[in-house]
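# Residue-level structure breakdown
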Amino acid sequence: GRPILHGYFRSSCSWRVRIAFALKGVEYDQLPVNLIKDGGQQLTEEYKALNPMQQVPAVEIDGTTLSQSLAVIQYIDETRPGPRLLPADPKARAQVRMISDLIASGIQPLQNLYVIQKIGAEKMQWSQHFIDRGFQALEPILKQTAGKYCVGDEISMADICLVPQVYNAERFKVDVGKYPTIKRLNEALLEIEAFQVSHPSRQPDTPDDLRA
Amino acid sequence: MRTLYQLYSLKSSFTQTRALNYCGRTNMLSVHLFVHPSKPTAGVGLDTSCHMVRGSQSTQREEGDLRTSLCEATPILHGYFRSSCSWRVRIAFALKGVEYDQLPVNLIKDGGQQLTEEYKALNPMQQVPAVEIDGTTLSQSLAVIQYIDETRPGPRLLPADPKARAQVRMISDLIASGIQPLQNLYVIQKIGAEKMQWSQHFIDRGFQALEPILKQTAGKYCVGDEISMADICLVPQVYNAERFKVDVGKYPTIKRLNEALLEIEAFQVSHPSRQPDTPDDLRA
């Protein structure tokens, strides 16, 4: 059967997986999990059985259920044909993972829904702080590694992580113009079909007022 | 002093891991020699510990360049004894039998040595670990660990089977993205007075998710019966949990795995209590 993505239109981690599926040309179904409605559908017992961490995404694929977007993406890369999502060269591959982890461990978890709900009133300031801090580190790294894309001239998991994080930055009113390499890469990647078809504004669960 | 021919013939007398690094260095060496056709026996060579021997004909600049290329056969870990992310890398090196040097970065002293301009040049995120290896500098412990796994011989740190490999990464990421970043030094400094409560909350939340996952995936170790990157992430996170007074007894699978792993030499030799920068009062 086709893979099933349990995700949310605006979840950056879910978007990463949607991009990966699109780049590989893999068809999949979506079962949206609304993180706000009903107190948060990720908190139901049913969803907890799929992902005990009670977060999106979770992916049912090849008879198993996986969570953690980068684990899912590398699994897709290693089991599906199509363009590589990580380069062949070990050093370049390490750079792709380094950039992906900087975003997926160093930025996004500090500004995801669960954490900002705990932070409360100062959540805008808190989120901006961690996004700026991460982008301040990412900018010089990308200056070194980037060609046409984050690492050299081939699209990789690093690009898959970057674009949704820039989207988050914009939602939190971070001025991405301060980071010219990030800005340039984001604009180039948004021209690519896989990044467009997977965009939060084009998903089955996108609310009408946010739909492209 | 040795010629290029003699350097190549040394390869077989090194251990396998040294030979891998050595090949790279020899390639760089050969390029460098040919750059100076007027000095066919450019007076540099290597002794068996990869230290450069000064020769009579090379200039100091050539030697300096070669020294940088050649003497960095040994990886350098910039870390902190008690940093769980640094400990992960130390475990990986130990499991693979890779010798490395340590340049400790004290996260508390002098306002935090990770905040110096020098360290920022190594890792712009101003965190540990950073690893100088094979002529490049890498940060993010899981990127480093997988690089080590993909370039060094020895036991695999990730399984061959793609599904098992995905489970290893899932567990590693649950810890490395879902728990540790919420209780690292930088964040708890921002949280301030409530940092104990905050950290316990996020560790408990993560362990509550990890426990049922591990019940499914674990054999002798986190995923099946072979040690993997998941185990490498688990043990330092349990150490953190204990530092924040989380009762790990609530998580029997985590507890069992942690105890089994702490029996293994690679997890002991890399332990925070046994590092060059371990303070005396915490030393094993």
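These figures come from a predicted structure and were not determined experimentally.

Parameters at a glance
Residues numbered from 1 in each chain as written. Chains lettered and ligands numbered in written order. Predicted model: local features only at pLDDT ≥ 70, side-chain atom pairs only at ≥ 80, totals over all residues. Heavy atoms only, no water. Helix = DSSP H or I, 4+ residues; strand = E, 2+ residues; numbered from the N terminus. Buried < 20%, exposed > 50% of the residue type's maximum accessible area, 1.4 Å probe, protein only. Contact = heavy atoms within 4.5 Å. Areas by Shrake-Rupley, 256 points an atom, 1.4 Å probe, with all protein chains shown as cover. Arc of directions from axis to C-beta. Salt bridge = Lys/Arg side-chain N within 4 Å of Asp/Glu carboxyl O. Expected span 1.5 Å × (residues − 1). UniProt positions renumbered as here; feature names shortened; annotations may be inferred. Domains from an automatic or database assignment. Buried area = accessible area lost by both parts, 1.4 Å probe. Polar contact = N/O pair within 3.5 Å; in protein donor to acceptor, adjacent residues only side chain to side chain.

Attention now moves to the overall build of chain B. Secondary structure assignment for chain B yields 12 helices and 6 strands. In chain B, which comprises 284 residues, the share counted as buried stands at 55%. Pairs at least 24 residues apart make up 63% of the contacts formed inside chain B by residues separated by at least 6 positions. Just so you have it, chain B exposes about 12,600 Å², and 51% of that area is on carbon and sulfur atoms.

Residue and element names in this part refer to chain A. Taken as a whole, helix H8 (residues 180-190) has its buried residues at Thr181, Ile182, Leu185, Asn186 and Leu189. When H8 is viewed along its axis, its buried side chains cluster within an angular range of 130° and face the same direction. Those residues of H8 that are buried lie in contact with helix H6 (123-145), helix H7 (157-171) and helix H9 (193-197).

Here we take up the pattern of salt bridges. All names here are of chain B. Across all of its chains, the model carries 16 salt bridges over all chains by this definition. Here arginine 152 and aspartate 134 are joined by a salt bridge, their closest N and O atoms 2.7 Å apart. You can see arginine 152 sitting in the loop between helix H6 (141-151) and helix H7 (162-178) and its partner aspartate 134 sitting in the loop between strand E5 (130-133) and strand E6 (136-139), a full 18 residues away along the chain. Across this residue pair, the class does not change: arginine 152 and aspartate 134 are buried. For glutamate 211, the salt bridge is made with lysine 215, and the minimal N-O distance between the two is 3.4 Å.

Attention now goes to helix H4 (residues 84-96) of chain B. All names here are of chain B. Given a rise of 1.5 Å per residue, 13 residues ought to cover 18 Å, and the 19 Å separating the end C-alpha atoms of H4 matches this to within 8%. The buried fraction of H4 amounts to 12 of the 13 residues, a majority that puts the element mostly inside the structure. Where H4 is concerned, the buried positions are Ser84, Cys85, Ser86, Trp87, Arg88, Val89, Arg90, Ile91, Ala92, Phe93, Leu95 and Lys96.

Turning our attention to the UniProt feature "domain: GST C-terminal" (unreviewed entry) in chain A. The sites that carry the UniProt feature "domain: GST C-terminal" (unreviewed entry) are, in the present numbering, residues 89-208 of chain A. When the span residues 89-208 of chain A is considered, its composition is 65% helix and 0% strand, and the gap between its end C-alpha atoms is 44 Å.

Turning our attention to the UniProt feature "domain: GST N-terminal" (unreviewed entry) in chain B. Per the UniProt annotation, the sites labelled "domain: GST N-terminal" (unreviewed entry) are residues 73-156 of chain B. Secondary structure within residues 73-156 of chain B divides into 36% helix and 15% strand; the distance between the first and last C-alpha atoms comes to 22 Å.

All names here are of chain A. The domain boundaries assigned to chain A delineate domain 1 (4-83 + 195-210) and domain 2 (90-192). For domain 1 versus domain 2, the separation of C-alpha centres amounts to 19 Å. With 19 residues of domain 1 in contact, the opposing surface of domain 2 contributes 22 residues. Its largest share of buried area at the contact with domain 2, domain 1 owes to Arg16, Leu70 and Phe195, together 34% of the area lost on that side. At the junction of domain 1 with domain 2, the criterion picks out 0 salt bridges. If you look at where domain 1 meets domain 2, you find 5 residue pairs in polar contact (both at pLDDT 80 or more). For the side of domain 1 that touches domain 2, the elements supplying multiple residues, two or more each, are helix H1 (12-24), helix H3 (69-79) and H9.

Note on placement: glutamine 140 of chain B falls in the loop between E6 and H6. Since its relative accessible area comes to 13%, glutamine 140 of chain B is described here as buried. Taking the C-alpha atoms as reference points, glutamine 140 of chain B and asparagine 184 of chain B, separated by 44 residues in sequence, lie 14 Å from one another. Residues in contact with glutamine 140 of chain B, not counting those within four places in the same chain, are Met98, Asp101, Leu102 and Ser105 of chain A together with Pro129 of chain B.

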